[in-house]
Amino acid sequence: MGVHVVPPGSEYQWRFRPNIFGNTIFWCHVAKGNVEVVFDAFNEEDKDPWERIHMDNTYWVARDDAVYLRQFWKNNNMVFWRKWP
């Protein structure tokens with residue numbers, strides 16, 4: 001998928017299917033100025049089977065104060081994930 005620069009107020013979406021080996025992983029590198037956070041946006045090995053089924057409804061949001069996660073299948077609220085270092 002390569003590197004994608006997503007301007008503030010924009011979004012980047014993709015769809016995928018986990019591989020047959022059960023070890024699909026996508027990571028994300030988010031930067032704000034000279035501060036950055038790197039995390040697994042999807043790691044099939046870290047998810048229970050129920051979560052793996054619904055990961056296509058996962059939405060990561062980088063805000064000024066922190067990075068948040070919204071899982072539409074669980075609730076519709078933003079959940080704090082990690083504060084900027």
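Look a little higher up for the structure.
A short tour of the structure in this document, coming up. Everything numeric in this text was worked out from a predicted model, so none of it was measured. (Residues numbered from 1 in each chain as written. Predicted model: local features only at pLDDT ≥ 70, side-chain atom pairs only at ≥ 80, totals over all residues. Heavy atoms only, no water.)

### Things to note about the pairing of strand β4 (residues 66–71)
The criterion, for reference: We call a residue buried when its accessible area falls under 20% of the maximum for its residue type, exposed when it is over 50%, and partly exposed in between, using a 1.4 Å probe and counting protein chains only. The numbering of helices and of strands both runs from the N terminus, where a helix is a DSSP run of H or I of at least 4 residues and a strand a run of E of at least 2. What makes two strands pair is DSSP finding at least two bridges between them.
Along β4, six of the six residues are buried, which leaves the element largely enclosed by surrounding structure. Relative to β4, strand β3 (residues 58–62) is paired through five bridges, and the arrangement is antiparallel. Counted as the bridge partner of Ala62 is Val67 from β4. Between β3 and β4, which pair antiparallel in sequence order, lie three residues. Bridge analysis of β4 against strand β5 (residues 79–83) gives four bridges, and the strand direction is antiparallel.

### Things to note about the sheet that holds β4
Heads up, the condition is: To get an axis, fit a line to the C-alpha atoms, keeping to the stretch in contact for a helix; angles then go from 0 to 180 degrees between the N-to-C directions.
The antiparallel open sheet is built from three strands, whose spatial order is β3-β4-β5. Since the sheet does not close on itself, it has two edges, and those belong to β3 and β5, each with one partner. Strand-to-strand, the axes of this sheet are offset by a mean angle of 25 degrees, without reference to chain direction.

### Re the nonpolar core
Rules: We call a set of buried Ala, Val, Leu, Ile, Met, Phe, Trp, Tyr and Cys residues a nonpolar core when their side-chain atoms join them within 4.5 Å. Note on contacts: a residue pair is in contact if any heavy atoms of the two residues lie within 4.5 Å.
Ranked by size, the top nonpolar core spans six residues in total: Val30, Val37, Phe39, Ala41, Val67 and Trp84. Aside from chain neighbours lying at most four places away, what touches Val37 is Cys28, His29, Val30, Trp81, Arg82, Trp84 and Pro85.

### Regarding the environment of Arg82
Here Arg82 shows up in strand β5. Relative accessible area serves as the criterion here: at 37%, Arg82 is assigned to the partly exposed category. Along the primary structure Arg82 and Tyr68 are separated by 14 residues, whereas in three dimensions their C-alpha atoms are 7.0 Å apart. Other than its neighbours up to four places away in sequence, Arg82 contacts Val37, Val38, Ala66 and Val67.

### Description of a nonpolar patch on the surface
Rules: To count toward a patch, a residue needs a relative accessible area over 30% and no salt bridge; like charges are then connected within 9 Å, while nonpolar side chains (Val, Leu, Ile, Met, Phe, Trp, Tyr) are connected within 5 Å. For accessible areas, the Shrake-Rupley method is used with a probe of radius 1.4 Å. Any residue's cover is judged against the shown protein chains and nothing else. Salt bridge, as applied in this entry: a Lys or Arg side-chain nitrogen positioned within 4 Å of an Asp or Glu carboxyl oxygen.
Together, Met1, Val6, Tyr12, Trp14 and Phe16 make up a nonpolar patch on the protein surface, roughly 440 Å² of accessible area in all. If you trace the backbone, Phe16 turns up in the segment before β1 (25–32). Owing to a relative accessible area of 31%, Phe16 belongs among the partly exposed residues under this scheme.

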